[in-house]
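Single-letter residue listing:
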Amino acid sequence: MIKAWLGPVPILFVVDPDSAKVILESNTLITKSSFYDKVADWIGTGLLISTNEKWQSRRKLLTPAFHFNILKGYTEVMVKEGEVFVDQLDKLADTGREFNLYPYVKRCALDIICETAMGTHINAQIGMNSEYVDAVTRVSDLTWTYIRFPFFWIKPIWYASSYGFEFDRLVKLTNDFTRKVINERREALREEGILESGPKISTKQRMAFLDLLLMHQAASNLNDEDIREEVDTFMFEGHDTTAAGMAFAIWLIGQNAEAQAKVHAEVDSIFGDSSRPPEEADVTKLVYLERCIKESLRLFPSVPLFARRLTHDITIKDTVLPEGLNLILAPLATHRDPEQYERPWEFYPDHFTQEAIAKRHPYAYFPFSAGPRNCIGQKFALSEEKIVLSWFFRRFRVESSEPMPGNRPLPELILKPSDGVLCKIYRRRH
Ligand code: HEM
């Protein structure tokens, strides 16, 4: 554990797996720290930020939205948007030109989350709705600026800097977009007679998270702002995270010839040279690709740090930590523990063979957090990454510029490669 200060606030970094286990497994230490307050100004206190009874009831309400059968419906969206992604990249293949792949993968992830969370097509990949897309990115940047520089916590300074007014304007823009989508979606469901059928989850028809919330609205006593904050929470947690995960995976595979050859051999053994869309059964066969994705999330976890506030005293390793203390869990550091990983600083997908996992401390790896407040979207995220990356590696070979240790990651709200993913791509078949 490492002590530090963020401006006037004392914080404690929890790095070793034994201490992380105590915090993450607890059913009572589930309260987020005040560092999330600025995020709450944007997305409200939905599932990510709420605590106690509110969090428990929302978690219970939203868990069925990630049921296996519901996820199947989301897979169709991932397949469709993954194909648009590779089609967009096609024009850059075989040109010998270096380009930044990050914005492409980000727009793909954004299209996927808008359709699955809100049931709306924003078509970011083909250049539409750019005002909303840019606003989401900028609000995220401004939130991080606020958290990082404690002098911005003083309101007059935040507003004098002009960031304050920009933040408020963009938050209004994104919240209004969500409110409009909620109203339109409610009308559409009403016209189809779906709302009248009450809180039943259909496994036959594809449903967005928003549809499920609208169907439960009356029974669960949710007002429109409650729904808005949950939808915005999914928008916030559900696209930058997967975009960064996919971007780092492509960048790392593109600098490791052996891993890339194995990924190509795996996708060829499943799809041959057909261009058919991936199906549910194919996704489970992508075992080596999954190892690469997990290894990328080990080296570069999309959420590099997250924080809890102690709501009662606890003792860890004979040290009493007092109520009110802010703890920072740091997967970015824990994931590089030389006692747990054979090659902590290298991209080595065999860290995720069954044998290697069995030998490790269970809390040596937690990119999706762990315990009662773990990431509700982790299966969704892994499916998305496998589907989109399988499209990518079926079609392309990639050469990454600036291999490690270049292109250092920037630990913002979401960890990103500082120079994006500069690379060249080549078609594998002509
Ligand atoms: C690679 C992708 C992802 C990573 C690495 C990731 C990681 C995490 C982490 C570390 C947390 C805990 C954060 C904290 O305690 O402050 C979390 C929570 C959460 N994530 Fe994810 N996430 C990913 C994708 C997603 C997706 C795709 C969704 C939704 C579709 C999602 C929805 C959520 C929600 C709602 C929570 C709050 C859960 C709760 O507190 O009950 N995440 N995620």
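If you look the protein chain up in an unreviewed UniProt entry, it shows as CYP4BE1 from Ips paraconfusus.

A. Spatial organisation of the coordination of the iron atom of the ligand. Donor atoms from the protein around the iron atom of the ligand number only one, Cys 375 (SG), found at 2.3 Å. Inspection of the secondary structure puts Cys 375 in the loop between helix H16 (354-359) and helix H17 (378-395).

B. The sheet that holds strand S11 (residues 422-427), seen in detail. Reading across from one edge, S3-S11-S8 is the order of the three strands in this open sheet, with antiparallel pairing throughout. Unpaired on one side and paired on the other, strand S3 (99-100) and strand S8 (396-400) mark the two borders of the sheet. Both S3 and S11 contribute to a ladder of two bridges, which runs antiparallel. Directly across from Asn 100, in S11, lies its bridge partner Leu 422.

C. Geometry of the site of the ligand. Looking at the ligand, there are 26 residues lining it, with Tyr 36, Trp 55, Arg 59, Glu 237 and Cys 375 nearest. The side chain of Arg 373 places a nitrogen or oxygen atom 3.0 Å from an oxygen atom of the ligand. Of all the cavities here, the one that holds the ligand is the largest pocket. Among the secondary structure elements, those contributing two or more residues to the shell around the ligand are helix H3 (52-62), helix H10 (224-237), helix H11 (240-253) and H17. At three residues, the largest contribution of residues to the shell around the ligand is made by H17. Broken down by class, the residue content of the shell around the ligand amounts to 14 nonpolar, seven polar and five charged.

Reading the values: rules and limits
- Residues numbered from 1 in each chain as written.
- Predicted model: local features only at pLDDT ≥ 70, side-chain atom pairs only at ≥ 80, totals over all residues.
- Heavy atoms only, no water.
- Donors = N, O, S within 2.8 Å, 3.2 Å for Na, K, Ca; no water.
- Helix = DSSP H or I, 4+ residues; strand = E, 2+ residues; numbered from the N terminus.
- Pairing = 2+ DSSP bridges.
- Near = heavy atom within 4 Å.
- Polar contact = N/O pair within 3.5 Å; in protein donor to acceptor, adjacent residues only side chain to side chain.
- 1 Å grid on protein atoms, 1.4 Å probe; cavity = no way out; pocket = protein on both sides within 12 Å on 5 of 7 lines; lining within 4 Å.
- Sits in = over half its atoms within 2 Å of the grid points.
- Nonpolar A, V, L, I, M, F, W, Y, C, P; charged D, E, K, R; others polar.

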